[in-house]
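Next come the chains, spelled out residue by residue.
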Amino acid sequence: MVKDTKIYISYNQVHQLIKDAVERYQINEEFKPDLMIAIGGGGFIPARILRTFLKRANNKNIPIQAIGLSLYEDLFLPNPSNIHSNNSTSNSIKDDLANNDSLSTIGTQVIKTQWLHFGPSHATTTPLLGKNILIVDEVDDTRTTLAYAIQELTKDIEEEKRKFLQDNTENVDIKVPETKFAVFVLHNKKKEKKMELPDLSITKEGRYFAAKETPDRWLVYPWEANDIEEHTKKSLMQQKEELEEIQ
Ligand code: 5GP
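Reading guide: rules and limits
Residues numbered from 1 in each chain as written. Predicted model: local features only at pLDDT ≥ 70, side-chain atom pairs only at ≥ 80, totals over all residues. Heavy atoms only, no water. Core = buried A, V, L, I, M, F, W, Y, C linked by side-chain atoms within 4.5 Å. Buried < 20%, exposed > 50% of the residue type's maximum accessible area, 1.4 Å probe, protein only. Helix = DSSP H or I, 4+ residues; strand = E, 2+ residues; numbered from the N terminus. Contact = heavy atoms within 4.5 Å. Lys, Arg positive; Asp, Glu negative; His and termini not counted. Salt bridge = Lys/Arg side-chain N within 4 Å of Asp/Glu carboxyl O. Pairing = 2+ DSSP bridges. Near = heavy atom within 4 Å. Polar contact = N/O pair within 3.5 Å; in protein donor to acceptor, adjacent residues only side chain to side chain. Areas by Shrake-Rupley, 256 points an atom, 1.4 Å probe, with all protein chains shown as cover. Nonpolar A, V, L, I, M, F, W, Y, C, P; charged D, E, K, R; others polar. pLDDT = per-residue confidence, 0-100. Axes fitted to C-alpha atoms, helices over the stretch in contact; angles between N-to-C directions.

(A) Summary view of the nonpolar core. Core analysis: the largest hydrophobic core is formed by 26 residues, its most contacted members being Ile37, Ile67, Leu69, Ile135, Phe181 and Val183. Mapped onto this core, the elements with two or more residues apiece are β2 (35-40), β3 (64-71), β5 (132-140), α5 (144-167), β6 (180-189) and β7 (208-214). A total of seven residues in this core trace back to one element, the largest contributor, which is α5. The residues touching valine 183, leaving out its near neighbours within four places in the chain, are Leu134, Ile135, Leu146, Ile150, Leu197, Ile202, Arg207, Tyr208 and Phe209. Counting 25 residues, the second largest nonpolar core, distinct from the first, contains Val14, Val22, Ile49 and Ile62.

(B) Region of interest: the side chain of glutamate 138. On the secondary structure map, glutamate 138 appears in strand β5. Here glutamate 138 occupies a buried position and makes no salt bridge, while the nearest side chain of opposite charge, lysine 189, is found at 9.1 Å. Discounting residues that sit within four places of it in the chain, glutamate 138 has contacts with Gly42, Gly43, Pro46, Val185, Leu186, His187, Tyr221 and Trp223.

(C) Focus on the pattern of salt bridges. Counted by the stated rule, this structure contains 13 salt bridges. The partner of glutamate 152 in a salt bridge is lysine 112, and the shortest N-O contact between them spans 3.3 Å. Taken together, the residues glutamate 152 in helix α5 and lysine 112 in strand β4 (residues 110-114) connect sequence positions 40 residues apart. The two residues glutamate 152 and lysine 112 agree in class, both being buried. The closest approach of N and O atoms between glutamate 159 and arginine 162, which form a salt bridge, is 2.7 Å. Residue glutamate 159 and its partner arginine 162 are located together in helix α5, separated by three residues, close to a single helical turn. One network of salt bridges, in which partners are shared, links Asp141, Lys189, Lys191 and Asp216.

(D) Structural detail: the pairing of β5. Among the nine residues in β5, eight count as buried, and that is most of the element. In this structure, β2 lies alongside β5, joined through four bridges in parallel fashion. The partner of isoleucine 37 across the bridge, within β5, is isoleucine 135. Inspection of the sheet shows β5 paired to β6 by eight bridges, in the parallel sense.

(E) The site of the ligand, seen in detail. The local shell around the ligand holds 15 residues, among which Thr142, Thr145, Lys189, Leu219 and Glu224 are the closest. Between an oxygen atom of the ligand and a side-chain N or O atom of lysine 189, the distance comes to 2.7 Å. Between the ligand and the protein, one listed contact pairs a nitrogen atom with a backbone N or O atom of leucine 219 at 2.7 Å. Computed on the free molecule, the ligand has an accessible area of 500 Å², of which 86% lies beneath the protein chains in the complex. At four residues, the largest contribution of residues to the shell around the ligand is made by β5. Class assignment for the residues of the shell around the ligand results in four nonpolar, three polar and eight charged.

(F) Local environment of the confidence of the model for the protein. Of all residues in the protein, 83% have pLDDT values of 70 or greater, and the mean over the chain is 87. Confidence drops under a pLDDT of 50 for residues 76-107, and excluding neighbours within four residues, the segment shows 42 contacts in the predicted structure.

(G) Up close: the sheet that holds β5. Pairing is mixed in the open sheet, where six strands are placed in the order β4-β3-β2-β5-β6-β7. Of all the strands in the sheet, just β4 and β7 have a single pairing partner and so form its edges. Geometrically, the sheet is characterised by an average inter-axis angle of 25° between neighbouring strands, direction not taken into account. Here helix α2 (residues 44-53) sits on the sheet and contacts β2, β3, β5 and β6; the angle it forms with β2, its principal contact strand, is near 155°.

(H) The pairing of β2, seen in detail. Among the six residues that make up β2, five are buried, leaving the element largely enclosed by the rest of the structure. With five bridges connecting them, β2 and β3 associate as parallel partners. Within the sheet, the bridge partner assigned to isoleucine 37 lies in β3 and is glutamine 65.

In structure tokens:
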């Protein structure tokens, strides 16, 4: 029989990993996030659990914004000029490709399928400026997705800076509020990465939070399981084996 090399992660493990990481990295005391940006779909559940352990700011839960990014290979779109379908997903991809010069800078592997939406009730036109933003994903594999997310968010912040300076032209001494990024992932695979995070201060200043370092094996998350009982059994068995190996 072929050996199953996948690592099965249980919901309890996810919950505990997040709790431990928030304490270990002192996220509430040091980085103090104002906003989470969850990369879909894998970052959604971790972001929601994170919120349970993050201190509320001004008596409010830390808001979660969702963005969607897809590895280009997943979509079988080897060449943008070959997209002729009329369906709306392909059209939005086409628009994105047509409007997005970043694709040429970071390579053609990742595209936006969903982006920030702050809604009409949001009071400011510069919702990212001056914030401590925690970007959340489930796994850092080749780092392509995280690098792309940060590159695109940085562009949005540059745009907000321009707006801010335009709105404050009479005040020459005004300082643009500083925005800081941090990254939270459940798992960081120990391997050579294809990309570096475009904002080097994240790693330099200790704002890269990986709840756990793992070998370069496929991780199966509980939200992907068709049979959650079976999945949890496999996970518990692996955890037991791991413990026995240590002892
Ligand atoms: P990267 O851009 O870092 O190569 O990969 C990021 C995305 O690939 C993740 O958000 C995830 O969706 C997917 N991915 C990479 N490795 C794994 C894995 O081991 N398990 C699962 N479930 N998804 C993975």
